[in-house]
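# Structure at a glance
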Amino acid sequence: MSGFDKGWLTLREPVDQAARSPTLLSALSYHLAAVKSPRALLDIGCGTGSTWRSLHAFLPKDIEWRLLDYDPELLAEAKRRIGAQARVRFHRHDLNDLDGLPLDGIAVVTASAFFDLCSESFCRRLVARLRDVRSGLYAALTYDGHMQWSVPHLLDPMAVEDFNLHQRSDKGLGAALGPDATATLRSLFEEAGFRIQIAESPWRMGQGYAPMQEAFLQGFVQPLTEIGRLSEAEIKEWLAFRIDAIAKPESSCVVGHLDLLALPG
Ligand SMILES: C[S@@+](CC[C@H](N)C(=O)[O-])C[C@H]1O[C@@H](n2cnc3c(N)ncnc32)[C@H](O)[C@@H]1O
């Protein structure tokens, strides 16, 4: 099971919404307006439905949505929050079974905060399937490995390095690409002859986002401990400094993400 916590996904949603590249959203909307058929989107790793909430108002009204995840609790929450909508259907499916992915009638597969969890072989197999059925991919908010705090601490570079190393461990879809995911997708889609656009979509967290920043920082403890280069005392000291710094008026944190749109050539 994914272990993605509803509370965490709820905290990050407004930051994600503000971060998405408007240029790529417009390009997706423009593409869908021009496509006569098929007229459906498939959101993979949908969680509680953040992609739908962020996108549907910007896209043509007749677009059908399929939301897919393997976590029954997150899917139930997505259904509860989206409510009865004629144009939205939900699928419980493990993406390890890519052959069984319901791609019939899908113009574009969408995903948010998902591809850094995936392995190269998963991406390769997915791109091959998308090429075969001539579907596009909108992959938003893929972590790119960069973080910057306006109030620095000596251990920031090592903490980020260890966090990034941990991002490459297996999250259930093979050894994860972590920060390399967008570059890998780009080269796979280039080989497959797709048109590709990539834009930055960084989280910019200032004073309004204290609970999100704190939850994000707490999420470092397990990875840093598992990597084991920093001692328990160093991790504790770094975390306490970072959490204290959130309240400083000059404090902000930028976390790099990338959005990618790949459309069949
Ligand atoms: C970081 S969350 C992102 C959720 C949502 N897209 C969002 O932006 O809030 C990653 C999602 O991928 C789903 N996921 C991870 N591995 C999966 C798999 N093998 N099959 C289906 N869904 C998976 C998780 O359950 C989780 O909902």
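Residue numbers run consecutively from 1 along every chain, following the written order of its sequence. With pLDDT at 70 or above as the cut-off, local features in this predicted model cover only qualifying residues; side-chain atom pairs require 80 or more to be listed or tallied, and sums for whole chains, interfaces and linings still use all residues. The basis for every side-chain value is the complete set of non-hydrogen atoms in the structure, without hydrogens or water.

Here we come to the overall build of the chain. Secondary structure summary: the chain contains 10 helices and 8 strands in total. Throughout, the radius of gyration refers to the C-alpha atoms, and the reference size of a globule is 2.2 Å times the residue count to the power 0.38. Its C-alpha atoms give the chain a radius of gyration of 19 Å, near enough to 18 Å, the size a compact globule of 265 residues would have. Structurally, the chain occupies a C-alpha span of about 55 × 35 × 35 Å along its principal axes. Burial classification: accessible surface area is computed with a 1.4 Å probe over protein chains only, and a residue below 20% of its type maximum counts as buried, one above 50% as exposed, and the rest as partly exposed. Counting over 265 residues, the chain shows a buried share of 52%. Residue contacts are counted whenever heavy atoms from the two residues lie within 4.5 Å of one another. Pairs at least 24 residues apart make up 80% of the contacts formed inside the chain by residues separated by at least 6 positions. Summed over all atoms, the accessible surface of the chain reaches about 12,200 Å², with 53% contributed by carbon and sulfur. Just so you know, the count uses Lys and Arg for positive and Asp and Glu for negative, and it drops His and the chain ends. By convention, charge coordinates are those of NZ in Lys, CZ in Arg, CG in Asp, or CD in Glu. If the 28 positive side-chain charges of the chain are averaged to one point and the 34 negative ones to another, these points end up 8 Å apart. Counting from the N terminus, the helices are DSSP H or I runs at least four residues long and the strands are E runs at least two residues long. Calculation of accessible area relied on Shrake-Rupley with a 1.4 Å probe; when residues are assessed, cover is drawn exclusively from the protein chains displayed.

Turning to the site of the ligand, a few remarks are in order. The criterion for a residue being near a molecule or strand is simple. One of its heavy atoms has to lie within 4 Å of it. Within the structure, the ligand sits among 20 residues, and Gly-45, Asp-69, Asp-94, Leu-95 and Ser-112 are positioned closest to it. Pairs of N or O atoms within 3.5 Å make up the polar contacts considered here, provided that, within protein, one atom can donate a hydrogen while the other can accept it, and that residues adjacent in sequence are counted only when both atoms are side-chain atoms. In the environment of the ligand, a nitrogen atom lies 2.8 Å from a nitrogen or oxygen atom belonging to the backbone of Gly-45. Broken down by class, the residue content of the shell around the ligand amounts to 10 nonpolar, 7 polar and 3 charged. In the scheme used here, Gly and all other residues not listed as nonpolar or charged are polar, with Ala, Val, Leu, Ile, Met, Phe, Trp, Tyr, Cys and Pro taken as nonpolar and Asp, Glu, Lys and Arg as charged.

The next subject is the nonpolar core. The biggest cluster of nonpolar side chains holds 50 residues, and the ones touching the most others in it are Trp-65, Tyr-138, Met-147, Trp-203 and Trp-238. No other element matches strand 5 (residues 136–149), which puts 6 residues into this core. For Tyr-138, the residues in contact, after removing those within four places along its chain, are Arg-20, Leu-24, Leu-25, Leu-28, Leu-55, Val-108, Val-109, Thr-110, Ala-111, Asp-259, Leu-260 and Leu-261. Counting residues in each nonpolar core, the second largest holds 31 residues, with Ala-40, Ile-44, Ala-181 and Leu-188 among its members. The term nonpolar core refers to a set of buried residues drawn from Ala, Val, Leu, Ile, Met, Phe, Trp, Tyr and Cys, joined through side-chain atoms within 4.5 Å.

Residue placement: Ser-201 occurs in the loop between strand 6 (195–200) and strand 7 (203–205). Relative accessible area serves as the criterion here: at 0%, Ser-201 is assigned to the buried category. Here Asp-259 takes part through its side chain, which lies 2.7 Å from a polar atom of the side chain of Ser-201.

Quick look at the packing of aromatic side chains now. Each aromatic ring pair is specified by the distance between its two centres and by the angle formed by the two planes. Two aromatic rings, drawn from Phe, Tyr or Trp (for Trp, its six-membered ring), form a pair once their centres lie within 6.5 Å of each other, and the interplanar angle then sorts them: stacked below 30 degrees, edge-to-face above 60, tilted otherwise. In the structure shown here, the tally under the stated rule is 12 aromatic pairs. Ring geometry for Phe-114 and Phe-115: centres 5.3 Å apart, planes at 80°, overall edge-to-face. Residue Phe-114 shares its accessibility class with Phe-115, and that shared class is buried. Ring geometry for Trp-149 against Trp-238: centres 5.8 Å apart, planes inclined by 85°, an arrangement best described as edge-to-face. Residue Trp-149 is found in strand 5, and its partner Trp-238 is found in helix 10 (residues 232–245); the two are separated by 89 residues along the sequence. Overall, the relative accessible area of 8% leaves Trp-149 in the buried class. Looking at Trp-238, the relative accessible area reads 0%, which means it is buried. The structure contains a cluster of three or more aromatic residues connected by ring pairs, namely Trp-8, Tyr-143, Trp-149, Phe-163, Trp-203, Phe-216, Phe-220 and Trp-238.

On to helix 8 (residues 210–218). Of the residues making up helix 8, those classed as buried are Met-212, Gln-213, Phe-216 and Leu-217. Projected down its long axis, helix 8 carries its buried residues within an arc of 130°, all on one side. The elements touched by buried residues of helix 8 are helix 1 (6–19), strand 5, strand 7, helix 9 (221–227), helix 10 and strand 8 (253–263). Directions are taken from the helix axis to each C-beta atom, and the arc is the one they span.

With that settled, consider the packing of helix 1 against helix 4 (residues 72–82). Axis angles are defined between N-to-C directions and span 0 to 180 degrees, where every axis is a line fitted to C-alpha atoms and, for a helix, only to the segment in contact. The geometry of helix 1 relative to helix 4 is characterised by a closest axis approach of 11 Å and an angle of 50° between their N-to-C directions. Looking at the two axes, helix 1 sits oblique to helix 4. Crossing geometry of helix 1 relative to helix 4 is assigned as right-handed. Taking contact as the criterion, the partners of Lys-6, Leu-9, Thr-10 and Glu-13 in helix 1 are, on helix 4, Leu-74, Glu-77 and Arg-81. Each residue belonging to the contact of helix 1 with helix 4 can be placed in one class, and the counts come to 2 nonpolar, 1 polar and 4 charged. Throughout this description, any angle smaller than 35 degrees is read as roughly parallel, any larger than 145 degrees as roughly antiparallel, any in the 65 to 115 degree range as roughly perpendicular, and the remainder as oblique. Left-handed describes a crossing whose near helix is turned anticlockwise from the far helix by less than a right angle; the clockwise case is right-handed.

Another aspect to go through is unusual backbone geometry. Backbone geometry at Arg-134 places phi at a positive 55°, although glycine is not the residue there. Along the chain, the position of Arg-134 falls in the loop between helix 5 (120–133) and strand 5. The class for Arg-134 is exposed, based on a relative accessible area of 54%. Positive phi outside glycine occurs at Leu-141, with the angle close to 60°. Position of Leu-141 relative to the elements: it lies in strand 5.

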